[in-house]
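# Reading the structure
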Amino acid sequence: MRNLVFSILTTSVLILMNITPDVAFAINFYDGARAPKGLYFLTYSSVYVADELTDAKGGTSKNNYGFFKAEELIRFCYYTPDFVATALVPGGYTNVRYLNKDSMGLGDAIVGAGHFLPFTKIDILPMLFVKFPTGEYDSSKSVNMGSNQYDIRPMVFLYKALGDFSIDAVAKYYFRLKNNSTDVTPGDEIHLQCLLGYNLTDKLKLGPSVNWMISRDRELKGVRINDSARESLSMGADIYYRIGKVGVTATYLYDMYAENTVRGHFFQIKTVYRF
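Residues numbered from 1 in each chain as written. Predicted model: local features only at pLDDT ≥ 70, side-chain atom pairs only at ≥ 80, totals over all residues. Heavy atoms only, no water.

## What to know about the overall build of the protein
Operational definition: A run of H or I in DSSP becomes a helix once it reaches four residues, and a run of E becomes a strand once it reaches two; helices and strands are each numbered from the N terminus. Atoms counted for the radius of gyration: C-alpha only. Globule rule: 2.2 Å times the number of residues to the power 0.38. Any pair of residues with heavy atoms lying within 4.5 Å of one another is described as a contacting pair. To be clear on the numbers: accessible area is Shrake-Rupley with a 1.4 Å probe, and residue cover counts the displayed protein chains and nothing else. Only four residue types enter the charge count: Lys and Arg as positive, Asp and Glu as negative, with His and the chain ends excluded. Here the site of a charge means NZ on Lys, CZ on Arg, CG on Asp, or CD on Glu.
Check the secondary structure of the protein and you find one helix and 17 strands. A compact globule built from 275 residues should have a C-alpha radius of gyration of about 19 Å, and the protein, at 19 Å, falls within 12% of that. Projected onto its principal axes, the C-alpha positions of the protein cover 65 × 30 × 30 Å. For the protein, long-range pairs separated by at least 24 residues make up 60% of all intrachain contacts whose partners lie at least 6 apart in sequence. Summing over all exposed atoms, the protein offers an accessible surface of approximately 13,500 Å²; the carbon and sulfur share of this is 62%. Of the charged side chains in the protein, 29 are positive and 27 negative; the average position of the first set lies 3 Å away from that of the second.

## A word on the packing of aromatic side chains
The test is simple: Only rings of Phe, Tyr and Trp enter the pairing, Trp through its six-membered ring, and a pair is recorded when the two centres are within 6.5 Å. The plane angle decides the type: under 30 degrees is stacked, over 60 is edge-to-face, the rest tilted. Only protein chains enter the area calculation, which uses a 1.4 Å probe; residues under 20% of their type maximum are buried, those over 50% are exposed, and those in between are partly exposed.
In total, this model carries 12 aromatic pairs according to the counting rule given. Here Tyr30 and Tyr159 contribute two aromatic rings whose centre-to-centre distance is 5.6 Å and whose plane-to-plane angle is 50°, an arrangement assigned as tilted. Note that Tyr30 is positioned in the loop between helix H1 (2-18) and strand S1 (38-54) and Tyr159 in strand S8 (residues 151-162), a separation of 129 residues in sequence. By relative accessible area, Tyr159 is classed as buried at 13%. For the pair Tyr252 and Phe267, a centre-to-centre distance of 5.2 Å together with 40° between the ring planes defines the contact as tilted.

## What about the pairing of strand S7 (residues 123-131)?
Formally: Any two strands between which DSSP finds at least two bridges are classified as paired.
For strand S6 (residues 110-115) and S7, the ladder comprises five bridges, and the chain directions are antiparallel. Counterpart to Gly114 in the pairing with S7 is Met127. In this sheet, S8 lies alongside S7 in antiparallel orientation, the contact comprising nine bridges. Across the sheet, residue Asp123 finds its bridge partner in S8, namely Tyr159.

## Re the nonpolar core
Stated precisely, the cut-off is as follows: As used here, the term nonpolar core means buried Ala, Val, Leu, Ile, Met, Phe, Trp, Tyr and Cys residues forming a set that is joined through side-chain atoms within 4.5 Å.
With 22 residues, the main nonpolar core has Met127, Phe129, Met155 and Phe157 as its most contacted residues. Mapped onto this core, the elements with two or more residues apiece are S1, strand S3 (67-79), strand S4 (83-96), S7, S8 and strand S9 (165-176). Discounting residues that sit within four places of it in the chain, Met127 has contacts with Val84, Thr86, Gly112, Ala113, Gly114, Arg153, Pro154, Met155 and Phe157. Leu53, Val96, Leu253 and Val262 belong to the second largest nonpolar core, which has 11 residues in total.

Laid out in structure tokens, this is it:
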């Protein structure tokens, strides 16, 4: 009987954790580039849709899953010649047709800071982000905007201009702490992201991008859940255009491969305004 209850609980936990893909931080043009001193205001308007839920081998475990997430993320950044500080607050709506469940409200707030390394021919920016469990969350619900757990996210950004070409890249490690309401530890994540750019004009650039993520197995009450690790490989492209003090980036990504998570399409419009 205990094994049956544990199996049912584990299945519920896996469903809960599988429907919260984190794609809002796909690398964009100039994410790791030095910027003129000042305050910047950014918005990220995104939609993620997925009809497939995958298993531990990358096969389709459920069709017509009907995952939908629309999010508006507000961000402030302050740059000095070498130092960067930033704060982000997301909000939005998530719906899972298969579960007939949805959630709307604020997501988890994030703050971060970093300092450029003293190189002149390449920009390298180590940063540390912390995600706080401030979002809408109810442990009795299977769909939530918030996660009810902290993340500690060190990452290193790189930007290099090569004539009309450019490289934007980042390596991230997410230390994902326990959700005390469910006793679930989501599993740490590694993210590697790269975006190649080509300047069509001095205001317009575009290029292909690739994102790869892999996680550790989750834990429930300190017990490892075998074959619960997630992996995804996404590919797409960015288009950037600058209008005066405003920069606009359109992003599209498709999940070419996914394990233990949803597989779908990501669309985002990012705007940057310098005060």
